[in-house]
Amino acid sequence: MRRSRNVIRAAVAAALLTLGAAAAPAPASAASVSTWDKVARCESSGNWSINTGTQYTGGLQISNYNWQHYGGTDYAPHAYQATKKQQILIAEKILADQGAGAWTCSPGTGLATDTADPYPLPRMANLTGVGDQNKDGKPDLLAVKRSTGVLYRYSGPDFSGDTRVEVGTGWSSMTGITAVGDLNEDGATDIVATRSDGKLFLYPGPDYRGESRVEIGTGWTSMANVTGVGDVDKDGKPDLLAVKRSTGVLYRYSGPDFSGDTRVQIGTGWDAMTDIAAVGDQNGDGVTDIVAVDGSGKLYRYFGPDYKGTDRKQIGTGWDVMAELVGPGNVTGSATPDLLAVDMVSGVLYRYTGPDFSGPARTGIGTGW
Ligand SMILES: [Ca+2]
Ligand SMILES: [Ca+2]
Ligand SMILES: [Ca+2]
Ligand SMILES: [Ca+2]
């Protein structure tokens with residue numbers, strides 16, 4: 001956006017006011033990542049970390065003034081230091097406010113007419129690995145269709161649409177679902193779900209029917225990233241992790257009721273994490289490990305039972321465009337359990353192999369997620 005709209009605006013503000021400014025067309029309020037990629041190819045040759053020492057930096061050449069004015073400094077001091085997603089999120093605000101003309105490169109890119117959300121929520125929500133529920137020898141996955149609230153079960157290793165079976169309805173009010181192991185010792189993995197009113201429910205597998213659910217808690221709206229990790233403290237009862245939204249404190253709760261009385265503080269600063277997934281035992285000590293993504297898209301691995309920040313390892317970047325991280329167990333027969341995640345831009349479901357879950361080693365296993 002080399003010719004800053006701010007300068008133009010400042011220069012002609014009085015004139016616009018005089019003229020009534022009604023001639024300006026309604027700006028596009030959003031644009032897809034592929035449209036922003038076209039703008040970036042023209043503005044910066046698609047170099048999202050470019051800084052040539054002028055006031056315009058990053059893939060979309062956002063001025064330092066605009067970066068600050070539209071909240072970019074929440075991410076990084078200058079645009080070029082932020083992730084591609086963060087640059088696009090600030091560009092969306094500029095686009096909504098100033099229109100496509102804020103970029104000299106916008107003609108021919110479709111920026112003025114595109115209205116797509118660059119990072120839409122995946123169609124399927126609350127992906128939850130539940131082991132082999134239908135006894136076909138392959139691990140299964142639960143997921144809720146966001147538009148209908150229907151709960152489906154998919155079968156591994158690819159969890160394709162062909163394998164899916166409807167197992168319930170009315171799940172759209174559930175804000176979080178996680179597997180907690182076999183609480184009632186009938187051989188099927190059970191799950192807990194938090195509802196938008198803060199109630200916590202236990203659903204026995206393999207069918208997770210509403211009739212058989214039990215309310216086991218309240219007040220869970222204050223907790224984020226509720227994650228079942230199995231019995232990590234070896235007291236014979238399955239455990240659950242959750243982050244208190246207001247403080248960022250990580251707590252471990254003990255089954256079968258996961259009541260507040262059982263909770264133990266095991267970490268701080270976890271409000272920086274946008275997603276947490278249990279990924280089975282990655283280091284061979286018999287205790288479930290987890291991965292977590294921070295706001296800048298860095299992926300970290302933590303070892304149980306305490307998930308200490310001092311022992312964590314950064315194992316990836318670029319994860320801020322991935323959603324619905326879930327450990328389905330070891331579905332590929334590799335040395336360690338796997339990880340699934342949905343690309344928000346493409347809707348593709350990817351499978352990653354542990355212990356580092358590296359991008360180059362990932363496999364796209366489905367579309368339309
Ligand atoms: Ca199965
Ligand atoms: Ca069970
Ligand atoms: Ca335990
Ligand atoms: Ca472990």
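For the structure itself, look to the data block above.
As the structure is a computational prediction, the values presented were derived from the model and not from experiment. Each chain has its residues counted from 1, following the order in which its sequence is written. Chains carry letters and ligands carry numbers; both start at the beginning, A for chains and 1 for ligands, and go up in the order they are written. A pLDDT threshold of at least 70 governs which residues receive local features in this predicted model, and a stricter bar of 80 or more applies before side-chain atom pairs are shown or counted, although totals over entire chains, interfaces and linings include all residues.

1. Comments concerning the sheet that holds strand β17 (residues 299-302)
Phase 1 of the analysis: Pairs of strands are assigned from DSSP output, requiring at least two bridges between the strands. Runs of E in the DSSP output that reach at least two residues are strands. Runs of H or I that reach at least four are helices, and both are numbered from the N terminus. Spatially, four strands are ordered β15-β16-β17-β18 in an open sheet, and the strand pairing comes out antiparallel. The open sheet terminates on both sides in strands that have one partner only, identified here as β15 (273-278) and β18 (313-316). For this sheet, the mean inter-axis angle between neighbouring strands, taken without regard to orientation, is 30°.
Phase 2 of the analysis: Pairing of β17 with β18 involves three bridges; the strand directions are antiparallel. Pairing of R301 across the sheet is with K313, part of β18. Under this scheme, a helix contributes an axis fitted over its contacting stretch, all axes are lines through C-alpha atoms, and angles between N-to-C directions fall in the 0 to 180 degree range.

2. Some remarks on unusual backbone geometry
Phase 1 of the analysis: Geometrically, the link from G156 to P157 is a cis peptide bond, its omega value of 5° lying close to zero.
Phase 2 of the analysis: A cis amide bond, omega 5°, links G205 with the succeeding residue P206.
Phase 3 of the analysis: Take P206: it is sitting in the loop between β9 (200-203) and β10 (214-217).
Phase 4 of the analysis: Even without being a glycine, S45 presents a positive backbone phi close to 55°.
Phase 5 of the analysis: Mapped onto the secondary structure, S45 falls in the loop between α2 (33-44) and β1 (56-57).
Phase 6 of the analysis: Around each residue's C-beta, the other C-beta atoms within 10 Å are counted; 20 or more make the residue buried, 12 or fewer make it exposed, and counts in between make it partly exposed. All C-beta atoms are placed from the backbone. Given 9 C-beta atoms within a 10 Å radius, S45 is considered exposed.
Phase 7 of the analysis: Phi is positive for K135, close to 55°, though the residue is something other than glycine.

3. Quick notes on the sheet that holds strand β4 (residues 140-145)
Phase 1 of the analysis: Strand order in the open sheet made by the four strands is β3-β4-β5-β6, with antiparallel pairing throughout. Single-partner strands in this sheet number two, and they are β3 (124-131) and β6 (165-168). Across the sheet, the mean angle from the axis of one strand to that of its neighbour is 30°, orientation sign disregarded.
Phase 2 of the analysis: Summarising the sheet, strand β5 (residues 151-155) and β6 pair through three bridges and their orientation is antiparallel. Looking across to β6, one finds that R153 is bridged to V165.

4. What to know about helix α4 (residues 84-98)
Phase 1 of the analysis: Under the convention used throughout, the expected extent of a helix is 1.5 Å for every residue step, that is, one less than its residue count. Relative to the 21 Å expected for 15 residues at 1.5 Å per residue, α4 spans 20 Å between its end C-alpha atoms, a close match to the ideal helical length.
Phase 2 of the analysis: Every buried residue of α4 is listed here: K84, K85, Q86, Q87, I88, I90, A91, I94, L95 and Q98.
Phase 3 of the analysis: One or two steps after α4, the chain reaches G99, where phi turns positive at roughly 85°.

5. Some thoughts on the nonpolar core
Phase 1 of the analysis: Linking buried Ala, Val, Leu, Ile, Met, Phe, Trp, Tyr and Cys residues through C-beta atoms within 7 Å yields a set, and such a set is a nonpolar core. Counting 66 residues, the largest nonpolar core has A143, I191, A277, I290, V291 and L339 as its most contacted members.
Phase 2 of the analysis: Two residues form a contact once the distance between their C-beta atoms, set from the backbone, is within 7 Å. Residue contacts for A143: discarding those within four places in its chain leaves M124, A125, N126, L127, Y152 and Y154.
Phase 3 of the analysis: In terms of nonpolar packing, the next biggest core, distinct from the first, is built from 21 residues, V39, Y56, L60 and A79 among them.

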